[in-house]
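# A closer look at the structure
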Amino acid sequence: MLDNALKLIKDLINHNYKAYIVGGFVRDYLLGRESQDIDVCTNATPKEIKEVFPDSFLPTDDYGSVVVNKYGIRFEITTFRKEFNYDKHRRPIEIEYIDDLYQDLLRRDFTINAICIDENGEIIDFLGGRDDLERKLIRTVGDANERFKQDPLRILRAIRFATILNFQLDNEVNEAIRNYRNLLHDLSYYRKKEELDKMFVSGFAERGIHMLLEYHLDKYLDLDNLSNVENTDSLIGIWSVLNVESHYPFSNNEKEMMKDIREVMRLNNYDPMTLYHYGLYVNSVAGEMKGLDKRKITESYNSLVIHRRQDLDISSEDIMNCMNKEPGEYISDIYDDVEKEVLYHRLSNKKEILLNYICEKYASNS
Ligand code: ATP
Ligand code: MG
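Residues numbered from 1 in each chain as written. Chains lettered and ligands numbered in written order. Predicted model: local features only at pLDDT ≥ 70, side-chain atom pairs only at ≥ 80, totals over all residues. Heavy atoms only, no water.

We now examine the overall build of the protein chain. In terms of helices and strands, the protein chain carries 18 helices and ten strands. Over its C-alpha atoms the protein chain spans a radius of gyration of 28 Å, topping by over 25% the 21 Å that the globule rule assigns to 366 residues. Relative to its 366 residues, the protein chain shows a buried fraction of 48%. The contacts in the protein chain between residues at least 6 apart in sequence include a share of 61% that link residues at least 24 apart. Here the protein chain holds 49 positive side-chain charges and 66 negative ones, and the gap between their average locations is 2 Å. (Helix = DSSP H or I, 4+ residues; strand = E, 2+ residues; numbered from the N terminus. Rg over C-alpha atoms; globule rule 2.2 N^0.38 Å. Buried < 20%, exposed > 50% of the residue type's maximum accessible area, 1.4 Å probe, protein only. Contact = heavy atoms within 4.5 Å. Lys, Arg positive; Asp, Glu negative; His and termini not counted. Charge placed at Lys NZ, Arg CZ, Asp CG, Glu CD.)

As a structural note, the neighbourhood of ligand 1 is formed by 14 residues, with Arg-27, Asp-39, Asp-151, Arg-154 and Arg-160 the closest of them. In the environment of ligand 1, a nitrogen atom lies 2.8 Å from a nitrogen or oxygen atom belonging to the side chain of Arg-154. In the model, an oxygen atom of ligand 1 is placed 3.2 Å from a nitrogen or oxygen of the Arg-157 side chain. When ligand 1 sits alone it has 580 Å² of accessible area, and the protein chains cover 79% of it. For ligand 1, the cavity whose grid points lie within 2 Å of the majority of its atoms is the largest pocket. Secondary structure elements with two or more residues in the shell around ligand 1: α2 (24–30) and α7 (153–165). Looking at the shell around ligand 1, the element that brings in the most residues is α7, giving four residues. (Near = heavy atom within 4 Å. Polar contact = N/O pair within 3.5 Å; in protein donor to acceptor, adjacent residues only side chain to side chain. Areas by Shrake-Rupley, 256 points an atom, 1.4 Å probe, with all protein chains shown as cover. 1 Å grid on protein atoms, 1.4 Å probe; cavity = no way out; pocket = protein on both sides within 12 Å on 5 of 7 lines; lining within 4 Å. Sits in = over half its atoms within 2 Å of the grid points.)

Moving on to the pairing of strand β4 (residues 73–79). Burial analysis of β4 places five of its seven residues in the buried class, the great majority of the element. Summarising the sheet, strand β2 (residues 38–42) and β4 pair through five bridges and their orientation is parallel. What sits directly across from Thr-42, in β4, is Thr-79. With five bridges connecting them, strand β3 (residues 66–70) and β4 associate as antiparallel partners. By the bridge assignment for β4, Lys-70 is matched with Ile-73. The turn linking β3 back onto β4 is made up of two residues, and Tyr-71 within it adopts a positive phi angle of 55°. (Pairing = 2+ DSSP bridges.)

A few words on the state of the cysteines. As enumerated under the stated definition, the model contains one disulfide in all. Here Cys-322 pairs with Cys-359 through a disulfide, and the sulfurs are 2.1 Å apart. Of the two residues, Cys-322 sits in helix α16 (residues 316–323) while Cys-359 sits in helix α18 (residues 351–361), which places them 37 residues apart along the sequence. By relative accessible area, Cys-322 is classed as buried at 16%. A relative accessible area of 29% means that Cys-359 is categorised as partly exposed. Not engaged in a disulfide, the cysteine Cys-41 finds its nearest cysteine sulfur in Cys-116; these two sulfurs lie 4.8 Å apart. Overall, the relative accessible area of 0% leaves Cys-116 in the buried class. (Disulfide = S-S within 2.5 Å.)

If you look at the biggest cluster of nonpolar residues, it comprises 75 residues, and the most contacted ones within it are Ile-21, Leu-217 and Trp-239. Grouped together as the second largest cluster of nonpolar side chains are 23 residues, Ile-297, Leu-312, Val-338 and Tyr-357 included. (Core = buried A, V, L, I, M, F, W, Y, C linked by side-chain atoms within 4.5 Å.)

It is worth spelling out the packing of aromatic side chains at this point. Applying the stated criterion across every chain yields a total of eight aromatic pairs. Between Trp-239 and Tyr-248 the ring centres are 5.3 Å apart and the planes differ by 45°, which places this aromatic pair in the tilted class. Accessibility expressed as a relative area gives 1% for Trp-239, which makes it buried. Residue class for Tyr-248 comes out buried when judged on its relative accessible area of 1%. Chaining the aromatic ring pairs together yields one cluster made of Tyr-189, Phe-200, Trp-239, Tyr-248 and Phe-250. One Lys or Arg, Lys-192, reaches over the ring of Tyr-189 and ends 4.3 Å from the middle of that ring. Sitting over the face of the ring of Tyr-330, Lys-325 holds its NZ or CZ atom 4.6 Å from the ring centroid. (Phe/Tyr/Trp six-rings, centres within 6.5 Å; stacked < 30°, edge-to-face > 60°. Lys NZ or Arg CZ within 6 Å of the ring centre and 35° of its normal.)

Set out below in structure tokens:
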């Protein structure tokens, strides 16, 4: 990955721009960890970057990053900038493109995120990021109070990095979180969710939740159920316990699934009807959070006699013939009944047996 990243920055340098690898990739590279994507900073403006990489995607918002997909890697290229006048602690309302790497590093959140690699593969570390990597410390670039006041999202980022990397928060950071955590109220739920998602899928959700609770951030993030999340690294599972769809953004599909998971939390996840009705995934997520054996749930699911209505050895037509009636709601009622009988092994899934049952129970009553 590094070789390809060096090739990419050389493309910019060959066009007489400055360019460095920066951010998460450098941090993770020095820690021997894998990265998903690579951040690059340059003095080329987005328009100029687009000229060097014609297939790139210009940012949708002003001052965003240009995305280049090359060598199978996603590069986020950001023009050197200075940020000022933060909008009610949300985002900077004024940004100025600049020519200087050092100035650009000063606006970055943490020292460990402000280390660069140049085109020769040399590390550039103006702000002591490597020392902090070694000391396993999350330290802000500049005054922590000031930086969190400017953008309270940095509070969540501090906790995310401490969680994922198993680092400590610097004392100043620790205090500044307590001083400015109330500003989390001002952030959009969209931005908060983005950070929380990353923490919850990291494989260290429990550690992250523990930290959030330690700082009482549940209160400032409107996550009243945070202390009830247990035993899970499932993103959707965590959000279903949090039960915050009324203000945090989710797709309709996700909302539906979280509702199902909450329902299933109260049911027996080995019960054939529960497994059949809600499916394996929802039962596994709920089962895991209840501390049940997921393998057993899967085994129970696999051993169901039927997994969907089509698996029954009868059709709607069979039912209509048997009842000697036009189609109607009764068909679905009969299906429900037969499904249940088959799932609980009271009837075997054989056409003859099912029809016999239906004719006897229903046709004679009608
Ligand atoms: P990862 O990509 O692994 O989640 P990252 O550190 O690369 O972590 P990004 O969101 O990709 O995080 O941001 C890239 C870089 O931009 C960061 O490393 C940091 O230098 C800077 N940055 C991102 N968000 C902020 C912020 N809110 N305030 C200041 N600097 C930021
Ligand atoms: Mg990144």
